[in-house]
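Chain and residue survey
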Amino acid sequence: MNAERVKCLIIGSGPAGYTAAIYAARADLNPVVLEGMQSGGQLTITTEIENFPGYPQGVAGTEMMSQIREQAERFGTQVRADSVIKADLSKRPFCIETESGAKIEAESVIIATGASARWLGLESEREFMGQGVSACATCDGFFYKNEVVAVIGGGDTACEEADYLSKICKKVYLVVRRNELRASKAMQERVLSNEKIEVLWNSKPNEILGDINGVNALRLEDSISGLTRDVELTGVFLAIGHNPNTDLFKGQIDLDSHGYIETQGKTSKTNIPGVFAAGDVMDPLYRQAIVAAGSGCRAAMDCERFLSENPIAE
Ligand code: NDP
């Protein structure tokens, strides 16, 4: 099959990918967005977004993402429900193969593949996935109405999820491995003043227990005494951070020690001329939708400049 030639290929469909598409489309780069497995990215599995400028009353993640997508399509972006399975970035045009069997020759690539939720790595976590174990309170909280659940983690996400679940569930344990929360002061206060949330300090999850009906307890080890105990509950929500989605590019592109794509100075340029990175995949620090959107804009502008200075002879 002949490969299709694309001027600007954007991999990923979160705020970074779609914003890059808006700018690239308006600059006549005819961008193609490969959405990946989670169309709209991580924001489609969050609650209300209250801190994205322009939405004074807040907005649902799915709604905001479909609006940004619509805006990208309005200027001619092609959005495809397809995922990259192989990327050869060794020479231009870059060769991309997708799950649907398409082969694309891309004159430039903007990587906006985001980050994914981290898991504890317990055998039992895998066993009970979807049967009491989840990494998304907004997606699955509804199934635990008036039940007892736990959220694992002490960051902003964990606190946000615990707060959300406290409105649905009978009781929420917040399982924190140290004796302090990593979350912002505002989130800490919200959690600590919530009567339905009990923080279990210095607690390490050792095992998720259950039977054919699903999860029925969480085994915790006290990190000071080493003693274990089982807490009865029916749901365990993981909120222990994220990993950048860079497996496809390992060995080809410079990554930092945590696997995030390294970019040069204030630009979105990677070590490969013609390949740019935007959003959570290159941002271990801020990880906010508005920052990702801004970095998508930057990537499209860097890309436009690169293409005009480095045309490929037909
Ligand atoms: P963080 O990396 O900030 O926090 C992860 C938490 O999980 C930490 O408390 C960490 O513990 C704990 N943890 C990690 N691994 C394990 C493990 N194996 N077992 C038990 N606990 C573990 O991730 P978040 O997803 O919470 O936040 C990511 C970024 O996004 C942050 O910058 C945050 O501020 C931001 N954010 C902002 C929001 C907002 O502004 N509305 C909402 C949500 C997130 P320890 O502290 O001991 O390392």
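A brief report on the enclosed structure follows. Since we're looking at a predicted model, the values are computed, not measured. (Residues numbered from 1 in each chain as written. Predicted model: local features only at pLDDT ≥ 70, side-chain atom pairs only at ≥ 80, totals over all residues. Heavy atoms only, no water.)

A look at the pairing of strand β15 (residues 214-222)
Judged from the eight bridges that link them, strand β14 (residues 203-211) and β15 form a sheet pairing that is antiparallel. The residue bridging Lys204 from the neighbouring strand is Glu221, located in β15. Counted between consecutive antiparallel strands, the loop separating β14 from β15 contains two residues. By the bridge criterion, five bridges tie β15 to strand β16 (residues 228-232) in an arrangement that is antiparallel. The residue of β16 that forms the bridge with Leu218 is Val231. The antiparallel pairing of β15 with β16 creates a hairpin that spans five residues between the two strands, and Gly226 there sits at a positive phi of about 80°. (Pairing = 2+ DSSP bridges. Helix = DSSP H or I, 4+ residues; strand = E, 2+ residues; numbered from the N terminus.)

Let's talk about the sheet that holds β14
With antiparallel pairing, three strands are arranged side by side in an open sheet as β14-β15-β16. The open sheet is flanked by β14 and β16, the only strands paired with a single partner. For this sheet the average axis-to-axis angle between neighbouring strands, irrespective of direction, equals 30°. (Axes fitted to C-alpha atoms, helices over the stretch in contact; angles between N-to-C directions.)

Concerning a nonpolar patch on the surface
Residues Leu285, Tyr286, Ile290 and Val291 make up a contiguous nonpolar surface patch of roughly 390 Å² in combined accessible area. As for its placement among the helices and strands, Leu285 is situated in the loop between β19 (275-277) and α7 (289-309). (Patch = residues over 30% accessible without salt bridge, like charges linked within 9 Å, V, L, I, M, F, W, Y side chains within 5 Å. Areas by Shrake-Rupley, 256 points an atom, 1.4 Å probe, with all protein chains shown as cover. Salt bridge = Lys/Arg side-chain N within 4 Å of Asp/Glu carboxyl O.)

Considerations on the packing of helix α1 (residues 15-26) against helix α2 (residues 61-74)
Remark: α1 packs on α2, axes separated minimally by 8 Å, with the N-to-C direction vectors making an angle of 20°. When the axes of α1 and α2 are compared, the pair comes out roughly parallel. Crossing of α1 against α2: the hand is left-handed. Here Pro15, Tyr18, Thr19, Ala21, Ile22 and Ala25 of α1 come into contact with α2, specifically with Met65, Ile68, Arg69, Gln71 and Ala72. Partitioned by chemical class, the residues of the contact of α1 with α2 number eight nonpolar, two polar and one charged. (Parallel < 35°, antiparallel > 145°, perpendicular 65-115°, else oblique. Left-handed = near helix turned anticlockwise from the far one by under 90°. Contact = heavy atoms within 4.5 Å. Nonpolar A, V, L, I, M, F, W, Y, C, P; charged D, E, K, R; others polar.)

A short note on the packing of α1 against α7
Relative placement of two packed helices is described by the angle separating their axes and the distance separating the axes. Contact pair α1 / α7: the axes reach a minimum separation of 7 Å and the direction vectors enclose 35°. The way α1 lies across α7 gives a crossing that is right-handed. Across from Pro15, Ala16, Thr19, Ala20, Tyr23 and Ala24 in α1, the residues of α7 making contact are Ala289, Ala292, Ala293, Gly296, Cys297, Ala300 and Met301.

Quick word on the site of the ligand
In the vicinity of the ligand there are 18 residues, among which Gly154, Asp156, Thr157, Arg178 and Arg182 approach most closely. Between the ligand and the protein, one listed contact pairs an oxygen atom with a side-chain N or O atom of Thr157 at 2.6 Å. Taken by itself the ligand offers 910 Å² of open surface, and the protein chains cover 76% of this. With three residues, the top contributor of residues to the shell around the ligand is helix α5 (residues 156-166). By residue class, the composition of the shell around the ligand is four nonpolar, eight polar and six charged. Residue assignment places the shell around the ligand across two domains, with domain 1 (4-117 + 242-309) and domain 2 (123-238) each supplying three or more. (Near = heavy atom within 4 Å. Polar contact = N/O pair within 3.5 Å; in protein donor to acceptor, adjacent residues only side chain to side chain. Domains from an automatic or database assignment.)

Digging into the sheet that holds strand β13 (residues 197-200)
Strand pairs in the sheet, formed through backbone hydrogen bonds, run parallel or antiparallel to each other. Pairing in this open sheet of five strands is parallel, and the strands run β10-β17-β11-β12-β13 from one edge to the other. Looking at strand neighbours, the two that pair on one side only are β10 (133-134) and β13, the edges of this open sheet. Bridge analysis of β10 against strand β17 (residues 235-238) gives two bridges, and the strand direction is parallel. Across the sheet, residue Ser134 finds its bridge partner in β17, namely Phe237.

Regarding the side chain of Ser295
Its location among the elements puts Ser295 in helix α7. Here Gly279 takes part through its backbone nitrogen, which lies 2.6 Å from a polar atom of the side chain of Ser295. In this structure, Ser295 is in contact with Ala278, Gly279 and Met282, ignoring residues within four places of it in sequence.

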